[in-house]
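Chain and residue survey
Listed below are the residues making up each chain.
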Amino acid sequence: VQLVESGGGLVQPGGSLRLSCLASGFPFSSYAMTWYRQAPGKERELVAGITSSGGSTNYADSVKGRFTISRDNAKNTVTLQMNSLKPEDTAVYYCRAYRMVDTRDYWGQGTQVTVSP
């Protein structure tokens, strides 16, 4: 099982980044996918989630209207489009796969996002 995030980096405030998570080794289309983030000295927090079919999404209040989560089950990929980035979005972003029926739970290694002038 692997979840590999990519797309992080350094961006100025107001800029955009697109994170991707490529999954392998498990039936991706049967798992809900979520993005979490953890800033230094803070708890890990949920950023956005999407159901296995992609039919429903949810977002943290702090990112609503700025971030968009999507998935491509044919490519085993989940994406987080991040616009209008703020310094407080700086964190390590993690991809998580979760299946409620048997509580299987997988995490990626994380990708750093830094928003700074």
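Since we're looking at a predicted model, the values are computed, not measured.

A few points about the pairing of strand β10 (residues 104-107)
- Where strand β9 (residues 91-99) and β10 come together, four bridges link them in antiparallel fashion. Across the sheet, R99 pairs through a bridge with R104, a residue of β10.
- Between β9 and β10, which pair antiparallel and follow one another directly, the connecting turn spans four residues, one of which, T103, has a positive phi of 55°.

Quick word on the sheet that holds strand β1 (residues 2-6)
- Taken in spatial order, the four strands line up as β1-β3-β8-β7 in an open sheet, and their pairing is antiparallel. The open sheet terminates on both sides in strands that have one partner only, identified here as β1 and β7 (67-72). In this sheet, adjacent strand axes meet at a mean angle of 15° when their direction is disregarded.
- Relative to strand β8 (residues 77-82), strand β3 (residues 17-24) is paired through six bridges, and the arrangement is antiparallel. Note that in β8 the partner of S20 across the bridge is T79.

Looking at the layout of surface pockets
- Space inside the largest pocket adds up to approximately 200 Å³.
- As for the largest pocket, its lining consists of 13 residues, of which R37, K42, E45, E88 and D89 are closest to the centre.
- The class makeup of the residues in the lining of the largest pocket is two nonpolar, three polar and eight charged.

What to know about the nonpolar core
- Counting 30 residues, the largest nonpolar core has L3, M33, W35, V78, L80, M82 and Y93 as its most contacted members.
- Sorting the residues of this core by element identifies β3, β4 (32-38), β5 (45-50), β7, β8, β9 and β11 (111-115) as the ones contributing at least two each.
- Those residues in contact with L3 that lie beyond four places of it in its chain are C21, L22, A23, F26, M33, C95, R96, A97, Y106, W107, G108 and Q109.

About the cut-offs
Residues numbered from 1 in each chain as written. Predicted model: local features only at pLDDT ≥ 70, side-chain atom pairs only at ≥ 80, totals over all residues. Heavy atoms only, no water. Pairing = 2+ DSSP bridges. Helix = DSSP H or I, 4+ residues; strand = E, 2+ residues; numbered from the N terminus. Axes fitted to C-alpha atoms, helices over the stretch in contact; angles between N-to-C directions. 1 Å grid on protein atoms, 1.4 Å probe; cavity = no way out; pocket = protein on both sides within 12 Å on 5 of 7 lines; lining within 4 Å. Points joined across faces, edges and corners; volume = space filled by probe spheres on them. Nonpolar A, V, L, I, M, F, W, Y, C, P; charged D, E, K, R; others polar. Core = buried A, V, L, I, M, F, W, Y, C linked by side-chain atoms within 4.5 Å. Buried < 20%, exposed > 50% of the residue type's maximum accessible area, 1.4 Å probe, protein only. Contact = heavy atoms within 4.5 Å.

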